[in-house]
Amino acid sequence: MKDFCIVGSGIAGSTIANLLAIKYSVEIFDKARGPGGRASNRRYKKNLSFDHGLQYFFYKSLKFKNFILDLKKKNILKEWPGKHLDLTFKRKEDSIKYIGLKGNNDISKYLSKNIKLNFNSKVTNIKFNSDYWTVTLNNKEQVFFKYLILTCPFPQLKTLASKHLNKRILKNNINMLPNITVMAAYKGFKKLDLSSIKFENKIISWAVQENTKNRFKSDKVLWTIQCTEKFSRKIIDLFKKSKNRYLLFILKTFEGLLGFQRKNIVFKAIHGWKFAYNKSNTKLESFWNGKKNLGVCGDWLYGPYAEDAWLSANSLYEKIKKNPPG
């Protein structure tokens, strides 16, 4: 029986897994097809891809700054230069933006490179058996671990583990917000001298020209288009039944903003992040129950950024060190 079962391979999951793997045996389970969580990368063709969730990394704390700069030295991350136009004038732009060398899930890949990862493995049930956990997967398989770490968004956490969590966590008023993302590749257009653009628009909040990340050379122009909070909330529970309808509507809106015509599209896709981020933060940084050998970490405890997920995972690791598993 292995020591730690980690649910989720995003920034929080891969970070806590990497820290624990120094001393314990660790295995990660994720319902997705690959690592990264909201920092996932969607491959379109060969090396052509979209960062269809988190677009870049930046730092607020010295601790995370040192982590980011260390990954830059190791060629895991690089700077994303270029023109980042903000037509909303609402938020001061971060001075330096960092991206993965091949995709923004490069951080998760790096942190979990020596750890067994199980994809397409959704955890549907957990049961504590006095000194170990029984974890049931979507294929009805059961796996057994001494300790369990959950890094899933708050609504999924409550569904999966509410009877194992104390009121301090469950009483938090967490409002996880959705995000609708569209990916499109166009032929017959020249690359714009523009890395990203934020719009003052009711449907589209901002768009990123993936070619400017210099990960590939192509005669196709790839755009990742992210919708506004209001529009995302409106359609998040509807779009799966009418994907093509909403996809074409968003692309028509984008055509009106930048002129990229739908008839020139060679690839298009839409993705919905139902629990993309939490705008606020809680008074908790992480949670560790030494009696039940259960831990919780994730960006939603801190705030909406990748750094918040990383800080939460480090906070949990410190708690485990102070109250180590028996």
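Reading the values: the criteria
Residues numbered from 1 in each chain as written. Predicted model: local features only at pLDDT ≥ 70, side-chain atom pairs only at ≥ 80, totals over all residues. Heavy atoms only, no water. Buried < 20%, exposed > 50% of the residue type's maximum accessible area, 1.4 Å probe, protein only. Helix = DSSP H or I, 4+ residues; strand = E, 2+ residues; numbered from the N terminus. Pairing = 2+ DSSP bridges. Right-handed = clockwise from strand over helix to strand, strands pointing away. Salt bridge = Lys/Arg side-chain N within 4 Å of Asp/Glu carboxyl O. Lys, Arg positive; Asp, Glu negative; His and termini not counted. Polar contact = N/O pair within 3.5 Å; in protein donor to acceptor, adjacent residues only side chain to side chain.

Counting buried positions along strand β1 (residues 2-7) gives five out of six residues, so the element sits mostly inside the fold. As paired strands, β1 and strand β11 (residues 142-150) are joined by five bridges and run parallel to one another. Residue pairing in the sheet places V7 in a bridge with L150 of β11. Chirality of the crossover, the property in question, places the unit of β1, helix α1 (residues 11-20) and strand β2 (residues 26-29) among those that are right-handed.

The next point concerns the pattern of salt bridges. Opposite charge on two side chains makes pairing possible when the charged atoms of those side chains draw close. Evaluation of the coordinates by the stated rule reveals 17 salt bridges. Measuring nitrogen to oxygen at the nearest pair gives 3.7 Å for the salt bridge that ties K116 to E27. Of this pair, K116 sits in strand β8 (residues 116-118) while E27 sits in strand β2, placing them 89 residues apart in sequence. The class of K116 is partly exposed, set by a relative accessible area of 47%. Of the residues examined, E27 reaches a relative accessible area of 9% and is grouped as buried. The shortest N-O distance in the salt bridge between R215 and D51 comes to 2.7 Å. One end of the pair, R215, is in the loop between β14 (204-209) and β15 (221-227); the other, D51, is in the loop between β4 (48-50) and α2 (62-73), with 164 residues separating them in the sequence. When sorted by exposure, R215 lands in the same class as D51, which is buried. One salt-bridge network, held together by shared partners, links D51, E210, K213 and R215.

On to the environment of F189. Structurally, F189 is set in the loop between β12 (176-186) and β13 (196-198). Note: C-alpha distance between F189 and G259 (70 residues apart in sequence) is 10.0 Å.

A separate point is the side chain of D86. Among the structural elements, D86 can be located in strand β6 (residues 84-86). Although D86 is buried, it forms no salt bridge, and the closest oppositely charged side chain is K198 at an N-O distance of 4.7 Å. A polar side-chain atom of D86 sits 2.5 Å from a polar atom in the side chain of T88.

Structural measurements only, silent on function.
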